[in-house]
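# Analysis of the macromolecular model
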Amino acid sequence: MAKINMLQAINSALDITLEEHDNAVVFGEDVGIFGGVFRATSHLQEKYGRDRCFNTPLVEQGIIGFANGLAAQGSIAIAEIQFADYIFPAFDQIVNETAKFRYRSGNEFNVGSLVIRTPYGGGIAGGLYHSQSPEAYFAHTPGVKIVVPRNAYQAKGLLLAALKEPDPVIFFEPKRLYRASVGEVPDGSYELPIGKAEIVKNGEQVTVLAWGAQMEIIEKAVEMAEEDGISCEIIDLRTITPWDYETVVQSVLKTGRLVINHEAPLSCGFGSEIAATIQEKCFLYLESPIMRVCGPDTPFPLIHEKEYMPDHLKTYEAIKRSANY
Amino acid sequence: MLNPNNVTVSVVNQPHFIENGALEIPMYQVLDEQGNVIEGAEVPDIDKETALKIFDTMQFVRVLDDRMIAAQRQGRISFYMQCLGEEAAITASAAALGDTDMIMSQYREHAALHYRGFKLDQFMNQMFSNELDLGKGRQMPIHYGTKELHFATVSSPLATQIPQATGYAYGQKLAGKKECTLCYFGEGAASEGDFHAGMNMAAVHKVPCIFFCRNNGYAISTPASEQFAGDGIASRGLGYGMKTIRVDGSDALAVYHATQLARKTAVEDNAPVLIESCAYRLGGHSTSDDPTGYRTKDEEKQFGASDPLVKFKHWLEQKGWLDAQDEQVKLAQLRKEILAAVKVAEVIDKPAFEEMFTDVYAEMTPHLLEQMNELKAHIKKYPEAYPVTSGRID
């Protein structure tokens, strides 16, 4: 067990998979000799050769189309989209192809061995096009699973599990934490469950929920709230599709209050889906309206990044409003 | 209609595959490595004023790039992209256009913008995201754009401007203007689907558009040899039925002349033209990458030897249009001006808080107004957490 950062943890998961499976292939823009713009694929080409880890031409729709074909053939296709902001040329391949391959063929064909890795999120002075959190677009598409890790340990375990999933997975990596998140991570292989949220901290009065990079934000907010005597339960959703509403429902039945935090804009963000489901399942137990602390409904601005972010202070205020409603 | 398939039919009775290399694509060059006119080369008709403006612009971006990379390393700006090695390709192509021709750039073409008249302080205001930035501080450094100078605002996603250029040029044609659009993109961006869409539509709809591909050998770390297997980007132009030329991108005269002729075709014949300009990206992709991670110093020495500035300068000196001593004085002056401009721009106020919510729509919608007011109240409560705007909220 060594202390490593999230990039190293992801690199290790890819390394293990390439080592274990001769038909596993890693590809994307600049992932070859350079090891990717964030270095998540460092040394993989050196170790496994250009047939197993390679640069593709600069064409996201091509990368995912290629990945669909490769996965349909039975290989383990591990595609990198350099920034989640640049996934949209591949939208058709993901939404109409990846997600519907199994269904439309009556399960004659599937692309279950496909994982799309892509860094997402703000907080790195990336402006409009290096900051977006597009998970909700894909959550609206039945047929593709969505996973978001919160730290190095979670990243490795969830990625290894995603690679074993019989369904295609989009694996959103919080790039703000790539180097910032350092922790103990086992050297060998291990898996964390897909489709299962995690209660990170038990509490009584308010359930506070997020995923990915926003987990450290809500943890900070909860620390502040607990100093005010508000006991909070913290949940990391981990999987957006299929999301673990059972864990959230059980928590809200206990606390009667829910604060959801995500970086993506408020309107039609995944928080809307959670709020709708929880009010349906916990209506008579709710002590306050479900609150959402999200990015505003604007593109992601550079100079006003701090103002834009659903930070710990905004979350703290929401927790207090929820508790004192 | 030629035939339902819209193809030429020349029947043969043996199976005949056409292979890579069947088409020879020459590269137009006027200046040799030293900057002497190659014997027999067609030299463009260029006056002293234009030639010197091209040179001054190339010089300006060379110095600007150098200073701003230093500024990025000092942490004064977050990001920068230089055009080292490509100054001639970008400047001389822009110089061959009319003042009101539209330019749709990728992101490395600030030389074209400066040629059009974008001033030093305007560059600085954008890079420092201050309240005088035309883009209101919303985008990362080097994402310039100005309607006044007919230069579309840069968008980071690659190749999206290519089909847009086609549409813009169609509008110019429809309006009966003797204008064209020039669209810059890299050889990497030419792999995107938008490249195909834009090129094909331009040829089918016969638009006055010049597609200027800056083949600089690299897309971040990916060499052209891993980007495509055909003969450059020029070979594709003919596939779309488009007039095409390959030009030495380190040769200002060749680029200028090729673009002049392309413009004539675009504007007079309403036909798109593809120019593939070949130069070498001597610097990194941006300040976010280090080329030593993907190429050797020897390679840089070999391909970076052909300096577009040195070549053009030599030609200008031969013409007797340039005084070497004057140039030294001008260079020193320019460096000083840039440093001074940095100091001015970095202390100008950042855009007002409200600018985060404006321009999402033409008019702010009620829900955005509500979000803005909620955020304003929050910032007032925690002013120290939002230093960029808290001091200026009423």
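No experiment lies behind these values; they were computed from the predicted model shown.

## With respect to the overall build of chain B
If you tally the helices and strands in chain B, you get twelve helices and eight strands. Here chain B has a C-alpha radius of gyration of 23 Å; the compact-globule value for 394 residues is 21 Å, and the two agree. Its C-alpha atoms give chain B principal-axis dimensions of about 85 × 60 × 45 Å. Evaluated residue by residue, chain B yields a buried proportion of 53% over its 394 residues. Contacts in chain B between residues far apart in sequence, at least 24 positions, make up 74% of those at least 6 positions apart. Carbon and sulfur atoms form 53% of the exposed surface of chain B, whose accessible area is close to 18,200 Å². For chain B, the distance from the average site of its 38 positive side-chain charges to the average site of its 53 negative ones is 3 Å.

## Considering the sheet that holds strand β7 (residues 243–248) of chain B
All names here are of chain B. Overall, parallel pairing links the six strands, which are arranged β1-β7-β8-β4-β3-β2 in an open sheet. Of all strands in the sheet, those bounded by a partner on one side alone are β1 (27–28) and β2 (102–104). Sheet topology note: the β2/strand β3 (residues 181–186) ladder contains three bridges and is parallel. Of the residues in β3, the one forming a bridge with Ile103 is Leu182. Running over the sheet, helix α5 (residues 161–174) touches β2, β3 and β4 (209–215) and is turned about 175 degrees from β3.

## A few points about the domain arrangement of chain B
Entries for chain B in the domain assignment read domain 1 (27–347) and domain 2 (353–392). For domain 1 of chain B and domain 2 of chain B, the distance between their C-alpha centres works out to 37 Å.

## Examining the domain arrangement of chain A
Residue and element names in this part refer to chain A. Each assigned domain of chain A is listed with its residue range as follows: domain 1 (2–185) and domain 2 (198–323). Inter-centroid distance (C-alpha atoms) of domain 1 to domain 2 is 26 Å. With 26 residues of domain 1 at the contact, the number on the domain 2 side is 27 residues. Carbon and sulfur atoms supply 56% of the area buried between domain 1 and domain 2, which totals about 2,000 Å² over both sides. There are three salt bridges connecting domain 1 and domain 2. The residue Glu198 makes a salt bridge to Arg150 at a minimum N-O spacing of 2.9 Å. At the level of elements, α6 (135–139), β6 (145–147) and α7 (152–164) are the ones that each hand at least two residues to the side of domain 1 that touches domain 2. When grouped by side-chain class, the residues that make up the side of domain 1 that touches domain 2 number 14 nonpolar, eight polar and four charged.

## Things to note about unusual backbone geometry
With the exception of glycine, the majority of residues adopt a negative phi angle, and the majority of peptide bonds are in the trans configuration. Residues and elements named next belong to chain A. The residue after Thr241, namely Pro242, is reached through a cis peptide bond having omega -5 degrees. At Asp30, a position not held by glycine, the phi torsion is positive, near 65 degrees. Note on placement: Asp30 falls in the loop between β2 (24–28) and α2 (44–48). Phi is positive for Arg39, which is not a glycine, with a value near 75 degrees. Checked against the element boundaries, Arg39 lands in the loop between β2 and α2. Judged by relative accessible area, Arg39 falls into the partly exposed class, the value being 33%.

## Quick notes on α5 of chain B
A rise of 1.5 Å per residue sets the reference length of α5 of chain B, with its 14 residues, at 20 Å; its end C-alpha atoms lie 20 Å apart and thus fit the reference within 8%. Looking one or two residues past α5 of chain B, Gly176 of chain B carries a phi angle of roughly 75 degrees, positive in sign.

## Brief notes about α7 of chain A
All names here are of chain A. The terminal C-alpha atoms of α7, which comprises 13 residues, lie 19 Å apart, in line with the 18 Å expected from a rise of 1.5 Å per residue. Counting buried positions over the 13 residues of α7 gives eleven, a clear majority of the element. Where α7 is concerned, the buried positions are Ala152, Gln154, Ala155, Lys156, Gly157, Leu158, Leu159, Leu160, Ala161, Ala162 and Leu163.

## Some points on empty space enclosed by the protein
Residue and element names in this part refer to chain A. For the structure on display, the rule yields two cavities of 30 Å³ or more. Empty space within the largest cavity amounts to approximately 50 Å³. In this structure, the largest cavity is lined by Tyr120, Ser133, Glu135, Trp211, Ala213, Gln214, Asn261, His262, Glu263 and Ala264. When residues in the lining of the largest cavity are grouped by element, the largest group, four residues, is from strand β13 (residues 258–265).

## Focus: the interface of chain B and chain A
Each side of the interface is counted separately: chain B has 49 residues, and chain A has 41 residues. The largest per-residue losses of area from chain B upon contact with chain A belong to Glu226, Met356 and Tyr386 of chain B, which jointly make up 17% of the total buried on that side. Taken together, the connections running from chain B to chain A amount to two salt bridges. Across the pair Lys381 of chain B and Glu317 of chain A runs a salt bridge whose closest N-O atoms are separated by 3.0 Å. Here chain B is connected to chain A by 15 residue pairs in polar contact (both at pLDDT 80 or more). Elements with a contribution of two residues or more to the side of chain B that touches chain A: β6 (222–223) and α12 (366–381) of chain B. Examining the composition of the side of chain B that touches chain A, we find that seven residues originate from one element, α12 of chain B, more than from any other. Within the side of chain B that touches chain A, the residues separate by chemical class into 23 nonpolar, 17 polar and nine charged.

Rules of the game
- Residues numbered from 1 in each chain as written.
- Chains lettered and ligands numbered in written order.
- Predicted model: local features only at pLDDT ≥ 70, side-chain atom pairs only at ≥ 80, totals over all residues.
- Heavy atoms only, no water.
- Helix = DSSP H or I, 4+ residues; strand = E, 2+ residues; numbered from the N terminus.
- Rg over C-alpha atoms; globule rule 2.2 N^0.38 Å.
- Buried < 20%, exposed > 50% of the residue type's maximum accessible area, 1.4 Å probe, protein only.
- Contact = heavy atoms within 4.5 Å.
- Areas by Shrake-Rupley, 256 points an atom, 1.4 Å probe, with all protein chains shown as cover.
- Lys, Arg positive; Asp, Glu negative; His and termini not counted.
- Charge placed at Lys NZ, Arg CZ, Asp CG, Glu CD.
- Pairing = 2+ DSSP bridges.
- Axes fitted to C-alpha atoms, helices over the stretch in contact; angles between N-to-C directions.
- Domains from an automatic or database assignment.
- Buried area = accessible area lost by both parts, 1.4 Å probe.
- Salt bridge = Lys/Arg side-chain N within 4 Å of Asp/Glu carboxyl O.
- Nonpolar A, V, L, I, M, F, W, Y, C, P; charged D, E, K, R; others polar.
- Expected span 1.5 Å × (residues − 1).
- 1 Å grid on protein atoms, 1.4 Å probe; cavity = no way out; pocket = protein on both sides within 12 Å on 5 of 7 lines; lining within 4 Å.
- Points joined across faces, edges and corners; volume = space filled by probe spheres on them.
- Polar contact = N/O pair within 3.5 Å; in protein donor to acceptor, adjacent residues only side chain to side chain.

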